[in-house]
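Observations on the model geometry
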Amino acid sequence: MEQWPFVRYVGLQEPASVLASIFNLLVHIVGLYRLRRYTSPKAPLYWFWHIFALVCMNGWIWSTVFHTRDTPFTEHMDYFSAFSMVLFSFFSAFVRIFEQVFCSEVIGAAVLMISFFTYHIYYLAFVHFDYGYNMRANIGIGGLNALVWILWSWRNRRTHRHIWKGALFIILALSSVGLEVNDFLPIYWILDAHALWHFSSALITPLWYSFLIDDCNYLHEKLKVKVN
């Protein structure tokens, strides 16, 4: 894919995007630390959100590497890892709806998503590295993910006082996609729309982890009442 001729800084090919990617990585590290500190390991989905955080960390590591030095390998790893974050976020919606990982509905969703992810990687890696198809796949899955989360949030708005945090994050994340699809000439040949999109995701992600912490504690209290 054609890119803007960015000004390099200390050898970094896209310095603003590198900084934004590192920022996102740190936000997820801090988010996971806060999740571990403020929730109980006995809370439902506690360990699932650890996996979610690790998937996201992997994605931002490869984003950092790719924006540091663009090669066919780093580009592939960045795109594949980014799609894994989008798809895993969609999968997490099903996990939260059913409040467990090991049930027939969630396992069925997992099989479908793993199959699609496998096809997606195979097609891009061995058939045709189609930027347009990759963009459509990400926007399509991201849109479905947002729809499911928003509908679930609306349905449970009266019983989950913390749910506004998750819903607001989803709305902000969906709105920020406009930066990715509407590119503009880089400011001083350093800061472009893609970098701003990454910065925006870093700024709103703490809101998502705040929702996860509240939600884990909510589910834990619900479980204790059920047991008693």
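Located above this text is the structure these notes cover.
Residues numbered from 1 in each chain as written. Predicted model: local features only at pLDDT ≥ 70, side-chain atom pairs only at ≥ 80, totals over all residues. Heavy atoms only, no water.

Next up on the list: the packing of aromatic side chains. This structure, assessed with the given rule, holds 26 aromatic pairs. For the ring pair Trp149 and Trp208, a centre distance of 5.2 Å and an interplane angle of 90° mean the geometry is edge-to-face. Of this pair, Trp149 sits in helix H5 (residues 131–155) while Trp208 is found in helix H7 (residues 193–227), placing the two residues 59 residues apart along the sequence. Considered together, Trp149 and Trp208 belong to a single accessibility category, that of buried residues. Grouping aromatic residues by their ring pairs yields a cluster made of Phe48, Trp49, Phe52, Phe88, Phe91, Trp149, Trp152, Phe169, Trp208 and Phe211. The residue whose ring lies beneath Arg157 is Trp154, and the NZ or CZ to ring-centre distance is 3.7 Å. (Phe/Tyr/Trp six-rings, centres within 6.5 Å; stacked < 30°, edge-to-face > 60°. Helix = DSSP H or I, 4+ residues; strand = E, 2+ residues; numbered from the N terminus. Buried < 20%, exposed > 50% of the residue type's maximum accessible area, 1.4 Å probe, protein only. Lys NZ or Arg CZ within 6 Å of the ring centre and 35° of its normal.)

In this section: the packing of H5 against helix H6 (residues 163–181). It is at 9 Å that the axes of H5 and H6 come closest, and there the two elements cross at 160°. When the axes of H5 and H6 are compared, the pair comes out roughly antiparallel. Between H5 and H6 lies a crossing whose hand is left-handed. Note on element contacts: H6 touches H5 through Ile163, Ala167, Ile170, Ile171, Leu174, Glu180 and Val181, opposite Met135, Ile139, Ala146, Trp149, Ile150, Trp152 and Ser153. Classifying every residue of the contact of H5 with H6 gives 12 nonpolar, one polar and one charged. (Axes fitted to C-alpha atoms, helices over the stretch in contact; angles between N-to-C directions. Parallel < 35°, antiparallel > 145°, perpendicular 65-115°, else oblique. Left-handed = near helix turned anticlockwise from the far one by under 90°. Contact = heavy atoms within 4.5 Å. Nonpolar A, V, L, I, M, F, W, Y, C, P; charged D, E, K, R; others polar.)

Here we come to the pattern of salt bridges. Tallying each qualifying case throughout the model produces five salt bridges. Between Lys222 and Glu99 there is a salt bridge; the shortest N-O distance is 3.0 Å. Taken together, the residues span a long stretch of sequence, with Lys222 in helix H7 and Glu99 in the loop between helix H3 (72–98) and helix H4 (104–127) at a distance of 123 residues. Close ionic contact of Asp214 with Lys165 constitutes a salt bridge, the shortest N to O distance being 2.6 Å. Linking Asp214 in helix H7 with Lys165 in helix H6, this pair joins segments that are 49 residues apart in sequence. By relative accessible area, Asp214 is classed as partly exposed at 27%. On the basis of relative accessibility, which here comes to 16%, the residue Lys165 falls in the buried class. Residues joined in a network through salt bridges with shared partners are Arg96, Glu99, Asp215 and Lys222. (Salt bridge = Lys/Arg side-chain N within 4 Å of Asp/Glu carboxyl O.)

All right, on to the packing of H3 against H5 then. Close contact between H3 and H5 brings their axes to 9 Å; oriented N to C, the two are set at 20°. By the criterion of interaxial angle, the relationship of H3 to H5 is roughly parallel. Note that H3 runs across H5; the crossing there is left-handed. When H3 is examined against H5, the residues Glu75, Tyr79, Ala82, Phe83, Val86, Leu87, Ser89, Phe90, Ser92, Ala93, Arg96 and Ile97 are found in contact with a partner set consisting of Tyr131, Asn134, Ala137, Asn138, Ile141, Gly142, Leu144, Asn145, Val148, Trp149 and Trp152. For the contact of H3 with H5, the per-class residue count stands at 15 nonpolar, six polar and two charged.

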